[in-house]
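# Architecture and fold: a report
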Amino acid sequence: MKKLLIIALLLSSVYCKAQEGDLAFPFQGGSPVMTRFFKDSLQIGNDIKAKKATGMAVFKFTADISGNIQKIVIYYADDYLLTMPVIQALKKSTKKWIIPNKEKFHDFIIPFSIGYNSPSSGEAEVQKAAYDFYSTRKPIVSNDQIPLNSATLLPTIVIKYDL
């Protein structure tokens with residue numbers, strides 16, 4: 001009976017062992033490098049700064065075995081204005097993605113939060129401009145069911161810009 005129990009424990013431990021390579025962070029260098037890469041690569045344009053635009057943008061993209069980005073899909077964005085710098089930064093990240101073993105393509109979901117640093121003066125004007133942007137924004141939303149399949153949710157990238 002003891003031998004049977006020991007064999008069962010050994011087999012279950014081998015079965016439960018994590019597959020090597022599947023649990024590695026999917027960006028070369030890990031999460032801190034990915035966050036720094038996007039903070040450095042995402043260029044906030046003057047149109048965003050002028051409108052004091054803030055909000056979220058959630059993207060899904062597909063990477064192939066070489067780390068190339070195949071397609072980019074906007075799942076949600078508070079406004080179209082926020083999507084353009086993110087798309088440009090995602091395109092710069094090609095060749096940096098690591099997909100799980102035995103896959104030819106893998107989907108990733110990455111949220112971005114874009115906002116501005118609070119100014120030291122003129123706060124009332126900034127609040128008015130931010131409210132104007134908020135009241136006139138046109139969110140991009142998905143009206144259909146979103147197929148997630150085996151997508152990997154990445155940590156939110158928080159971008160703050162100076163006015």
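Residues numbered from 1 in each chain as written. Predicted model: local features only at pLDDT ≥ 70, side-chain atom pairs only at ≥ 80, totals over all residues. Heavy atoms only, no water.

## Some words on the packing of aromatic side chains
The final tally for this structure, using the stated rule, is 11 aromatic pairs. Arranged with centres 6.3 Å apart and planes meeting at 45°, the rings of F27 and F38 form a pair that is tilted. Of the two residues, F27 sits in the loop between α1 (2–16) and α2 (31–41) while F38 sits in helix α2, which places them 11 residues apart along the sequence. Among the residues examined, F38 registers a relative accessible area of 0% and is labelled buried. Put simply, the rings of F27, F37, F38, F59, F61, W97, F108 and F112 touch in pairs and so form one group of aromatic residues. (Phe/Tyr/Trp six-rings, centres within 6.5 Å; stacked < 30°, edge-to-face > 60°. Helix = DSSP H or I, 4+ residues; strand = E, 2+ residues; numbered from the N terminus. Buried < 20%, exposed > 50% of the residue type's maximum accessible area, 1.4 Å probe, protein only.)

## Considering the pattern of salt bridges
For the structure on display, the rule yields 3 salt bridges. Measuring nitrogen to oxygen at the nearest pair gives 3.7 Å for the salt bridge that ties D107 to K60. Taken together, the residues D107 in strand β3 (residues 105–116) and K60 in strand β1 (residues 55–64) connect sequence positions 47 residues apart. Neither residue differs from the other here; D107 and K60 are each classed as buried. (Salt bridge = Lys/Arg side-chain N within 4 Å of Asp/Glu carboxyl O.)

## Some remarks on the nonpolar core
Ranked by size, the top nonpolar core spans 34 residues in total, and within it F38, W97 and I110 carry the most contacts. Elements represented by at least two residues in this core include exactly α2, β1, β2 (69–77), α4 (83–92), β3, α5 (123–136) and β6 (157–161). The biggest single contributor to this core is β3, with 5 residues. When neighbours within four sequence positions are excluded, W97 is seen to be in contact with P26, F27, M34, F38, F61, A63, G67, I69 and L154. (Core = buried A, V, L, I, M, F, W, Y, C linked by side-chain atoms within 4.5 Å. Contact = heavy atoms within 4.5 Å.)

## Structural notes on unusual backbone geometry
Although it is not a glycine, K95 sits at a positive phi angle of roughly 75°. Mapped onto the secondary structure, K95 falls in the loop between α4 and β3. For K102, which is not a glycine, the phi torsion comes out positive at approximately 65°. Topologically, K102 is positioned in the loop between α4 and β3.

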